[in-house]
Amino acid sequence: MTNISRRSFNRYLLASAAGAAAFGGLTGSAFADSRLRFMWWGNPTRDERTNAVVDLFESANSGIVVDTEALASNDYWPKIATQAAGGNMPDVMQMDYRFLFEYARRGQIVPLDGYVGNQIDLTNFDPGFVDSGRVDGQLFGIPFGANSPSVIYNMTKLAEYGVTLPDPSWTWDQFWDFAREIQAAAPEGQWAVADKGSWEPAFDIFLRQQGKMLYTEEGELGYTAADAAEFFDMWRVARENGLVPPADITAQDSDGLDTRPISRRRVAIDFAHSNHLGGLQGQNPDELGITLFPHREGGIPGQYMKCATLLCITANSQAKEDAAQLVDFLLTDPEANNILRMERGVPGDNAVAQALLEDPDDIERKTIEYFEIVQGNVSPMPPPPPSGAGEVEVMLVRLYGELIFDRLTPEQAGERLVNDAQTILARA
Amino acid sequence: MADLKLVNVCKSYGQVDVIHGVDLEVKHGEFVVFVGPSGCGKSTLLRMIAGLEEITDGDVVIDGDYVNDVDATDRGLAMVFQSYALYPHMTVRKNLSFGLEIARVARQEIDRRVAEAARILKIEDYLDRHPAKLSGGQRQRVAIGRAIVREPKIFLFDEPLSNLDAELRVATRVEIAKLHERLGATMIYVTHDQVEAMTMADKIVVLRNGVVEQIGAPLDLYNHPANLFVAGFIGSPRMNLLEGRVIGSRTGEIEIEIADNVRITAPIGPLPDVGKVTLGIRPEHFARVGAEEAQLALTIDFVEALGGETLVYGSLPGGSQPIIVKLDGQHLIENGASLSLTVQPGQMHVFDATGRALPKMRATAAAA
Amino acid sequence: MATTTIPRSRRDAIAKRWQRGRSGYMFLIPWLIGFFALTLGPALASLYLAFTKYDVLTPPVFTGLDNFGYMFFQDYRFRQALQVTFTYVLWSVPLKLGLALLIAIALDKGTRGVDLYRAIFYLPSLIGGSVAIAVLWRQLFDRDGLTDQLLQLLGWPPGTSLLNNPDHALKTLIVLSVWQFGAPMVIFLAGLRQIPQHLHEAARMDGAKTMQRFSRITLPLLAPVIFFNLIMQTIDAFKAFTQAFVVSAGTGGPIDSTLFYTLYLYQEGFAFFRMGYASALAWFLLIIIAAFTALTFLSAKYWVHYDDGR
Ligand SMILES: Nc1ncnc2c1ncn2[C@@H]1O[C@H](COP(=O)(O)OP(=O)(O)OP(=O)(O)O)[C@@H](O)[C@H]1O
Ligand SMILES: [Mg+2]
């Protein structure tokens, strides 16, 4: 097949699915000089704020019209992939660090180096932070903001139980001791800690604290079955001691913030990305706090600052310069960021971040305080995960289900995880 | 095979009464026909006997057993439906054996009875066909066969011949009559065709609006209709019913004026009151005579020459009362001419103002 | 317009026929376009893809029978999906049809308010497959939900969450599907109405009791309708997706206990971007459904009778 015919064939394959999306872009005022599409995954708060910022952008740039589309992350990636196949991706898209390399290396998104200094102004960014958007030396995505996996706790409940949160330098042993303290005070139907043995970032940190990692630079597994078994066993002990909820409650914990055990008011302590503090607080009448992951006794720091969310411009954009202008506006405009606040993490533009610090709300204050502590406890960002990593994450959730429903022992689950992960990586 | 008694049987659908107190006795082996105009309640009555229709009031007694509360499934009767109601998904053989299988009759016995019924009804060749592949007449025979194999206490037929063409109807009528003779079974047969009733019945029950008008042997009904309705219903062409006035009565006869100056003397006992009556004369009971002997002179409107007989349609002077006359053989009569007729005295029926027949003087009537 | 001087030829005749049918074909065009562009085209494309590795972002690579080899010999989630789907089909279809028939018979007997009841009983089918109802069910079957409380009354330990328990989640989905008996019920009702009353009366005269009439008259005469419902419902059940997707948030969980075949197919294709493998799965599902349908058709000879004696 020639390049062209292959390309058109490729387009045709998913034409039916992509067609709907293409037509979706034809709304809005018809006589704009330039018309952009901007897609992201999010939540109601994010969607509302982002749309407001886009309105602001349109009034500041007459002649550019931006059509927006916000999806749940579960729906976002299938749709983006479908549009990629159909050659009608949005001009600007929100990117996950996990997929940055895949999209960049397949030429679906374009290097932004040419726009930096022209449309995009990165002077107030930490160069090291910007570098996390580089693939093979070129800048393919600009990080929206930073976040880090964290411990989220219910301050109201802890006060009610009359227990005090230990220092953020706590170890896993101290963490579980504290959990026992909580559990002793907790009423029936309440548990100390959410069972997050299926949460990959928690496993990731647990590994990194021992100098291991999920994936090596070469895209291979960075841990053994025994490592996984150790992690699983820690949770098994907690479960057997009644410190975490029973399997059926844990089984319900999924993507949506409302399904988290802390939002369902089952536990005093949960784990989440730091930028979700605001969202989780919105689900909860009690006051929430945020702190560091427990440390490994004699280990090294496991947490790291993530640029989980990036902005990219796609290869099929017809107005890349306008798109770059939108990217710049989203990242560096003070007014825009006063609307967006820290919903996607702490902004990478230091001037913008400083401005937000002048009148932080409660959540932002907590986040920033948290960040100040994290900064001193981080290790460098891990290499990008290989393709197939997303599926391994799903597999982990599944295996963990078998574990909590007593179909597997921690050792068996560890073996299975490594085996299945290797199969998946080989197939990817 | 059994006898049947209905005592004051009534049926109402909600507020509507459709059967008003029917009393009837059917003896073992009798062939009873229910006749009456459409909607008079024949089917309803039959279905009450079958057990398919609840009995609002009165008793149904079969072989001395009170069966009002016995379901159709347990009455041991068989019914042949107007629409045949053959099971479309079963072969003819299965249709016949179904009831026996339900009753857990031994296989051998089933086969014997099916073969027997098939032989009697000449349906042996179609035993393995489905009903959809049979003609109307063949289906009718299967429906009858289905009743026969059950060896029921009583056979019930609801207008079984009405879907057949004229020729087949006559043939099947004969077959059913023969069957009755051969089986000697009690049969109750519903029809609104009075020819069927006359030819097949041992006993006819004439129904009108849910009321029994008369019960009797066919000729009894023909010769002695109890009322105007029966008189008009039985016999074809129907009886001439002439309105008249009694103008004189003597011992054994009365004189009735049916038109200006047309008087007829009928052999009926003396009447206490002189008044309006209806004179009934069957078309076949007129005789053509010379003008001098004539009791009536008919002005002829129309003649139908059928070969073996001649039907004359005419009217009395004054043109008021139409009369049909049936003459044997062939007659050369012209429209508009006058026909001189007499009536055999014994063949006259007189009905009072309420429609009831007045008693005849037996002695003279017997001359017929 | 053809000129009349040209002698009539075969081509002329064809043109004539075309002209005669032209308006008919014109009316067919929207359907034809839809069929070729939206059904046949993608179907053939997916047949090709079934023999490739295709991650959507890069062009498909032909891999021969690799997908099928992996499917049959290595993929335990595929086996799980088959098991879940077959369990679902083999339970939900007979239960649903049985309930539909039962209700249809009850409605057929009843006289007053039949239309109202029919509408009420049909309602679950209209809304039952919707996302909203699946979400509602999720609440209903949750810990502390209505079923939990009811089961506690029956002596179960508190804290039963049927949908979050791998032993009960599929059963719950089966119940959810049985609850949507409306469509087959309406068809059954129409079928029952078609059976002439006098056949029941004839059977009564033949001494057949209620159950005997049901098994020997009603059921056989309803066989064509049962057959139709069976095929439709079986195909539907094989294609079941929405409830499991919503109830398990797309995971097929807990621990793959509700991993319907279509859900697995969806995950492989749209979550893990293995369109080639997903296509192979889709074609295998097609073969399964075709085989089931064919088996049903073959068996029909033994139990489906049509009125005309075929
Ligand atoms: N289910 C019913 N509800 C109300 N009235 C009914 C019902 N069935 C029959 N009837 C009425 O009862 C009367 C007798 O009906 P039936 O069927 O017995 O008449 P029939 O003598 O058999 O007439 P045909 O010669 O037309 O068959 C009719 O007036 C009919 O309208
Ligand atoms: Mg009738």
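Residues numbered from 1 in each chain as written. Chains lettered and ligands numbered in written order. Predicted model: local features only at pLDDT ≥ 70, side-chain atom pairs only at ≥ 80, totals over all residues. Heavy atoms only, no water.

> Looking at this structure, I do not really get the overall build of chain A. What am I missing?
What chain A contains, in helices and strands, is 18 helices and 12 strands. Its C-alpha radius of gyration of 22 Å places chain A within 12% of the 22 Å reference for a compact globule of 428 residues. Within chain A, the fraction of its 428 residues that count as buried is 59%. Pairs at least 24 apart in sequence give 75% of the contacts found in chain A among residues at least 6 apart. Averaged over its 34 positive side-chain charges, chain A has a centre that lies 6 Å from the centre of its 61 negative ones. (Helix = DSSP H or I, 4+ residues; strand = E, 2+ residues; numbered from the N terminus. Rg over C-alpha atoms; globule rule 2.2 N^0.38 Å. Buried < 20%, exposed > 50% of the residue type's maximum accessible area, 1.4 Å probe, protein only. Contact = heavy atoms within 4.5 Å. Lys, Arg positive; Asp, Glu negative; His and termini not counted. Charge placed at Lys NZ, Arg CZ, Asp CG, Glu CD.)

> Would you explain the overall build of chain B in this entry?
Within chain B, the regular secondary structure consists of 10 helices and 20 strands. Principal axes of the C-alpha set define a box for chain B whose edges measure 75 × 45 × 40 Å. Within chain B, the fraction of its 368 residues that count as buried is 54%. In chain B, of all internal contacts separated by at least 6 residues, the share reaching a separation of at least 24 is 65%. Here chain B contributes 38 positive and 48 negative side-chain charges, whose respective centroids are spaced 5 Å apart.

> Just checking my understanding: could you explain the domain arrangement of chain B for this structure?
Many structure descriptions define interface size as the accessible area lost when the parts assemble. Residue and element names in this part refer to chain B. Segmentation of chain B into domains returns domain 1 (4–233) and domain 2 (240–361). Taken residue by residue, the interface counts nine residues in domain 1 and 11 residues in domain 2. Here domain 1 and domain 2 share an interface that buries about 790 Å² over both sides, 55% of which is from carbon and sulfur atoms. In this assembly, domain 1 and domain 2 are joined by zero salt bridges. The tally of links between domain 1 and domain 2 comes to four residue pairs in polar contact (both at pLDDT 80 or more). Elements represented by at least two residues in the side of domain 1 that touches domain 2 include exactly helix 8 (218–223) and helix 9 (228–233). In terms of residue count, helix 8 provides more of the side of domain 1 that touches domain 2 than any other element does, three residues in total. Here the residues of the side of domain 1 that touches domain 2 sort into six nonpolar, three polar and no charged. (Domains from an automatic or database assignment. Buried area = accessible area lost by both parts, 1.4 Å probe. Salt bridge = Lys/Arg side-chain N within 4 Å of Asp/Glu carboxyl O. Polar contact = N/O pair within 3.5 Å; in protein donor to acceptor, adjacent residues only side chain to side chain. Nonpolar A, V, L, I, M, F, W, Y, C, P; charged D, E, K, R; others polar.)

> Would you take a moment to explain the interface of chain C and chain A for this structure?
With 40 residues of chain C at the contact, the number on the chain A side is 40 residues. Across the chain C/chain A interface, buried area totals approximately 3500 Å², and carbon plus sulfur atoms make up 57% of it. Here chain C is connected to chain A by four salt bridges. Between Arg407 of chain A and Asp167 of chain C there is a salt bridge, with the nearest N and O atoms lying 2.9 Å from each other. Ranked by the residues each element gives to the side of chain C that touches chain A, the list is headed by helix 1 (residues 10–49) of chain C, at eight residues. Across the side of chain C that touches chain A, the residue classes tally to 23 nonpolar, six polar and 11 charged.

> How should I be thinking about the confidence of the model for chain B in this particular structure?
Regions with low pLDDT should not have their predicted coordinates read in detail. Residues and elements named next belong to chain B. Looking at chain B, the pLDDT average stands at 86 and 96% of residues meet or exceed 70. Long-range and interchain partners of residues 363–368, a stretch whose pLDDT sits below 50, account for five contacts in this model, where long-range means more than four residues apart. Both scores are available for the predicted complex, with the pTM at 0.76 and the ipTM at 0.82. (pLDDT = per-residue confidence, 0-100.)

> What am I meant to see in the site of ligand 1 here?
All names here are of chain B. Taken together, the residues surrounding ligand 1 are Tyr13, Val18, Ser38, Gly39, Cys40, Gly41, Lys42, Ser43, Thr44, Glu159 and His192. Taking Thr44, its side chain carries an N or O atom lying 2.4 Å from an oxygen atom of ligand 1. Within the complex, 57% of the 630 Å² of free accessible area of ligand 1 lies under protein. With three residues, helix 1 (residues 42–50) is the largest single contributor of residues to the shell around ligand 1. Its residues placed into classes, the shell around ligand 1 shows three nonpolar, six polar and two charged. (Near = heavy atom within 4 Å. Areas by Shrake-Rupley, 256 points an atom, 1.4 Å probe, with all protein chains shown as cover.)

> I would appreciate a short explanation of the side chain of Arg37 of chain A in the present structure.
Mapped onto the fold, Arg37 of chain A is located in strand 1 (residues 34–41). At a separation of 3.1 Å, a polar atom in the side chain of Arg37 of chain A contacts the main-chain carbonyl oxygen of Asn88 of chain A.

> Explain the UniProt feature "domain: ABC transporter" (unreviewed entry) in chain B here, please?
Following the UniProt record, one finds the feature "domain: ABC transporter" (unreviewed entry) at residues 4–234 of chain B. When the span residues 4–234 of chain B is considered, its composition is 39% helix and 26% strand, and the gap between its end C-alpha atoms is 25 Å. (UniProt positions renumbered as here; feature names shortened; annotations may be inferred.)

> So what exactly am I meant to see when it comes to the interface of chain B and chain C here?
In this complex, chain B contributes 29 residues to the contact, which on the side of chain C involves 21 residues. Between chain B and chain C the total buried area reaches about 2300 Å² when both faces are included, carbon and sulfur atoms providing 58% of it. A per-residue breakdown of the area chain B buries against chain C is headed by Thr73, His89 and Ile102 of chain B, which together make up 27% of the total. Where chain B packs against chain C, one counts five salt bridges. Of the charged contacts in the structure, one is a salt bridge between Arg47 of chain B and Glu201 of chain C, with a shortest N-O distance of 2.7 Å. One can count 11 residue pairs in polar contact (both at pLDDT 80 or more) joining chain B with chain C. Secondary-structure elements contributing two or more residues to the side of chain B that touches chain C are helix 1, helix 2 (72–75), strand 6 (78–80) and helix 3 (92–102) of chain B. Top contributing element to the side of chain B that touches chain C by residue count: helix 3 of chain B, with four residues. When its residues are assigned to classes, the side of chain B that touches chain C shows 16 nonpolar, six polar and seven charged.

> Whenever I open this one, a positive patch on the surface confuses me. Can you help?
Residue and element names in this part refer to chain C. Side chains of Arg10, Lys16, Arg17 and Arg20 sit close together on the surface and give a patch of like positive charge. Topologically, Arg17 is positioned in helix 1. Residue class for Arg17 comes out exposed when judged on its relative accessible area of 57%. (Patch = residues over 30% accessible without salt bridge, like charges linked within 9 Å, V, L, I, M, F, W, Y side chains within 5 Å.)

> What's the story with the sheet that holds strand 16 (residues 296–305) of chain B in this structure? I'm lost.
Consider a sheet: its strands pair through backbone hydrogen bonds, and that pairing is either parallel or antiparallel. Residue and element names in this part refer to chain B. Strand order in the open sheet formed by five strands is 15-19-16-17-18, with antiparallel pairing between adjacent strands. Strands with a single pairing partner mark the edges of an open sheet, and in this sheet they are strand 15 (286–288) and strand 18 (322–328). In this sheet, neighbouring strand axes are inclined to one another by 50° on average, regardless of whether the strands run parallel or antiparallel. Of the strand pairs in this sheet, strand 17 (residues 309–315) and strand 18 are connected by seven bridges, and their pairing is antiparallel. (Pairing = 2+ DSSP bridges. Axes fitted to C-alpha atoms, helices over the stretch in contact; angles between N-to-C directions.)

> How should I be thinking about unusual backbone geometry in this particular structure?
The general pattern is negative phi for most residues beyond glycine and trans for most peptide bonds. Cis geometry marks the peptide bond from Ser236 of chain B to Pro237 of chain B, where omega comes out at -10°. Along the chain, Pro237 of chain B falls in the loop between helix 9 and strand 11 (240–250). In the Ramachandran plot, Asp406 of chain A falls in the positive-phi region, its phi being about 65° despite a non-glycine side chain. With respect to the helices and strands, the residue Asp406 of chain A is situated in the loop between helix 17 (389–404) and helix 18 (410–427). In the Ramachandran plot, Phe273 of chain C falls in the positive-phi region, its phi being about 55° despite a non-glycine side chain. Summarising the element assignment, Phe273 of chain C is placed in the loop between helix 12 (261–271) and helix 13 (275–303).

> Help me understand the domain arrangement of chain A in this model?
Residues and elements named next belong to chain A. Here chain A is described as being made up of domain 1 (32–147 + 307–360) and domain 2 (149–304 + 379–427). For domain 1 and domain 2, the distance between their C-alpha centroids amounts to 30 Å. Domain 1 puts 14 residues into the contact, and the matching count from domain 2 is 13 residues. Among the residues of domain 1 in contact with domain 2, Tyr97, Arg98 and Asn147 are the three that bury the most area, contributing 53% of the side total. Our enumeration of links across domain 1 and domain 2 arrives at zero salt bridges.

> I keep staring at the arrangement of the chains and nothing clicks. Help me out?
By number of contacts, the leading pair among the two pairs of chains in contact is chains A and C. Without any contact between them, chain A and chain B keep their closest C-alpha atoms 48 Å apart.

> Looking at this structure, I do not really get helix 5 (residues 97–105) of chain A. What am I missing?
Since the α-helix packs 3.6 residues into each turn, any two residues three or four apart lie on the same face. All names here are of chain A. Most of helix 5 sits inside the fold, with seven of its nine residues counted as buried. Among the residues of helix 5, Tyr97, Phe99, Leu100, Phe101, Glu102, Tyr103 and Ala104 are the ones counted as buried. On its buried face, helix 5 is in contact with helix 4 (73–86), strand 3 (92–96), strand 4 (134–135) and strand 11 (306–313). With its phi angle positive at about 75°, Gly107 sits one or two positions after the end of helix 5.

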